[in-house]
Amino acid sequence: MTDSPLDTSVGQLSGIPEQQSVLTAAADASVWDVDAVLLLVEDDSGDALLVEEMLTDSELDAPLTWCKTLAEARRFLLGCRTSVCVLLDLHLPDVNGLDAVRQLVESAPDAAVIVLTGLDESETGLSAVAQGAQDYLVKGRIDPEVLGRAVRYALQRKHAERSAAAMRTSRLIAQENARLERALLPIPLLLDNSFQVAARYEAGRAHGLLSGDFYDVVQTADGAVHAVIGDVSGHGAAEAALGVCLRVAWRTAVLTGVSQREKIGLLEGILVAERSDPHVFATVTTLVFPPSRDKVLVARAGHPGMLLRRGTEVGWVEPEAGMALGLLPGAGRWSITELDLFPDSGLVLFTDGLFEGRTGPKTRLGEDGLLAVAGKHGALEPPAFVDALVAEATESASPYGGLADDVAVLHLGWKAES
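By convention here, each chain's residues receive numbers from 1 onward along its written sequence. Two thresholds apply to this predicted model, a pLDDT of at least 70 for residue-level local features and 80 or more for giving and counting side-chain atom pairs, whereas whole-chain, interface and lining totals are computed over all residues. With hydrogens and water excluded, all non-hydrogen atoms of the structure serve as input to the side-chain values.

Side note on the sheet that holds strand 7 (residues 195-202)
Condition: Any two strands with at least two DSSP bridges between them are considered paired. The secondary structure listing takes helices from DSSP runs of H or I that are at least 4 residues long and strands from runs of E that are at least 2 residues long, numbered from the N terminus. Lines fitted to C-alpha atoms define the axes here, with helix axes fitted over just the stretch in contact, and angles between the N-to-C directions of these axes take values from 0 to 180 degrees.
Strand order in the open sheet formed by 5 strands is 7-19-16-12-13, and the pairing between neighbours is antiparallel. Sheet topology places strand 7 and strand 13 (313-317) at the edges, where each strand pairs with a single neighbour. When strand polarity is set aside, the average angle formed by the axes of neighbouring strands in this sheet is 20°. In the sheet, strand 16 (residues 345-350) pairs with strand 19 (residues 407-414) via 4 bridges, with the strands oriented antiparallel.

Below, the structure written as structure tokens:
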């Protein structure tokens, strides 16, 4: 644009530097108030003065910053921490036409943009909206009310766009989490309905990825039921991915006939090969329920003990434990413990997140507390029993920030023969 016949710039009228001036629309608070900064990108002093006057008359109570070039505007936007509505002329000394819109939207994607066009540029205004602007106004047809309304609507449209983008991102994250959850929380592979599994997984962090807790249950052709529960140290996507890797490796080993002790060594080798940090380790418990139904074979690698249910009674069981996987690779020695089972027996396995939640400023639920909670619900059926454990652990920790870690719980046992 050419210079206005006025030889005094808007900056000089307002008593601030010519290249970037700050003008305040002096109007009383009204329904037109917006919590945003207005940025006028316009090289013509006369047009800038007209915009200032119309903003004053519009009762739009917002500070106005004037920049003469797109480069100045981009520098201003880079340091601005509040909402911004940009009034953008398309004919600037350093950029011309729709390229100005493209560059501005790329450099300040959160800014609302209103393009200022000439009388014969309405098609250009529509194209500017297609390029990412929220609106366009034709110079010579603007009045204070139209300008004020356009600014408010542009800010609302930008806010709606950001909200919609955030919702799309949330949906994508939810879809990714669902895929990850399906891998971490598999459907038990059982050949018949003679064995009952009740499982529960609770994420310890709201909206966060599931971390490295994992479990699986597989019944082989000989009728034996194999189960595993494990916990990779740390939180986040890397640990979750490692947990998936270990679970899949365990299931593969079961289906190919690898012995129980060999499976633990295999899991350690995979953990060491796949972990992103040499300090990452995993605790694991594996079980085998022979088809005779009178015993269970347990191998523990640093994992917590378990609850043994018999009728309505609940006790704590601590089979012999070896070293957690990955602490001293190759040095672990894992033994197999044989526990007797009765027709009404069930085993409950869990990760430490179930009992490590705080119940006071300096106290946690702990293993004894968990056993006390379990004892109150000994008459419940397996699914309800698992739900009760998680519910009480969650409730006791809620005044102190809730459960800080993910929780996996497995209730395993043969169904009573009819």
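Observations concerning the confidence of the model for the protein chain
Note the cut-off: The predictor reports its confidence for every residue as pLDDT, a score running from 0 up to 100. In this description, contact between two residues means that some pair of their heavy atoms is separated by no more than 4.5 Å.
Per-residue pLDDT for the protein chain averages 86, and the proportion of residues at 70 or more is 89%. No element of the protein chain has a lower mean pLDDT than helix 1 (residues 10-14), which averages 36, and none a higher one than strand 10 (residues 282-289), which averages 98. With pLDDT under 50 throughout, residues 1-32 is counted as low confidence; its partners more than four residues away or in other chains account for 79 contacts.

So, helix 8 (residues 260-274)
Counting along an α-helix, one turn takes 3.6 residues, and residues three or four places apart therefore face a common direction. Cut-off, in case you're wondering: Given a helix with a known number of residues, its expected span is that number minus one, times 1.5 Å. Only protein chains enter the accessibility calculation, which uses a 1.4 Å probe. A residue is then buried if its area is under 20% of the maximum for its type, exposed if over 50%, and partly exposed in between. The directions considered for the arc run from the helix axis to the C-beta atoms.
In a regular helix each residue adds 1.5 Å, so 15 residues correspond to 21 Å; helix 8 covers 21 Å between its end C-alpha atoms and thus fits that length. Those residues of helix 8 lying buried are Gln260, Lys263, Ile264, Leu267, Glu268 and Leu271. Looking straight down helix 8, one finds that the buried residues subtend no more than 140° of arc, so they occupy a single side. Those residues of helix 8 that are exposed and aimed more than 90 degrees away from the buried face are Glu262 and Ala273.

Some words on the packing of aromatic side chains
Where we set the bar: Any Phe, Tyr or Trp ring, taking Trp's six-membered ring, that has another such ring centre within 6.5 Å forms a pair; planes under 30 degrees apart are called stacked, those over 60 apart edge-to-face, and the others tilted. The rule is short: NZ of Lys or CZ of Arg within 6 Å of the ring centre and within 35 degrees of the ring normal puts a charge over the ring.
Tallied over the entire structure, the rule returns 4 aromatic pairs. Ring geometry for Phe195 versus Phe289: centroids 5.0 Å apart, planes at 65°, classification edge-to-face. In this pair, Phe195 is assigned in strand 7 and Phe289 in strand 10, connecting sequence segments 94 residues apart. Judged by its relative accessible area of 2%, Phe195 is buried. Since its relative accessible area comes to 1%, Phe289 is described here as buried. Put simply, the rings of Phe195, Phe289 and Trp414 pair up and form one aromatic cluster. Looking at Arg310, its charged tip hangs above the ring of Phe342, at a distance of 3.7 Å from the centre.

Re the layout of surface pockets
Stated precisely, the cut-off is as follows: A cavity here means a set of points on a 1 Å grid, drawn over the protein atoms and nothing else, where a 1.4 Å probe fits but cannot get out; a pocket is an open set with protein on both sides within 12 Å along at least five of seven lines, and a residue lines either one if it has an atom within 4 Å of a point. Grid points are joined across faces, edges and corners, and a volume is the space filled by probe spheres set on the points. We call Asp, Glu, Lys and Arg charged. Ala, Val, Leu, Ile, Met, Phe, Trp, Tyr, Cys and Pro are nonpolar, and the rest, Gly among them, are polar.
By volume, the largest pocket amounts to about 460 Å³. Around the largest pocket, the lining is made up of 23 residues, and of these Thr82, Ser83, Val84, Asp110 and Ala111 lie nearest the centre. Looking at the lining of the largest pocket, the element that brings in the most residues is helix 6 (residues 144-184), giving 6 residues. Looking at the lining of the largest pocket residue by residue, the classes come out as 11 nonpolar, 5 polar and 7 charged. Of the pockets and cavities examined, the second largest pocket occupies roughly 330 Å³. Contributing to the lining of the second largest pocket are 17 residues, with Gln196, Asp344, Ser345, Pro382 and His411 lying nearest its centre. Only strand 16 and strand 19 provide two or more residues apiece to the lining of the second largest pocket. With 4 residues, strand 19 is the largest single contributor of residues to the lining of the second largest pocket. Residues that form the lining of the second largest pocket fall into these classes: 7 nonpolar, 6 polar and 4 charged.

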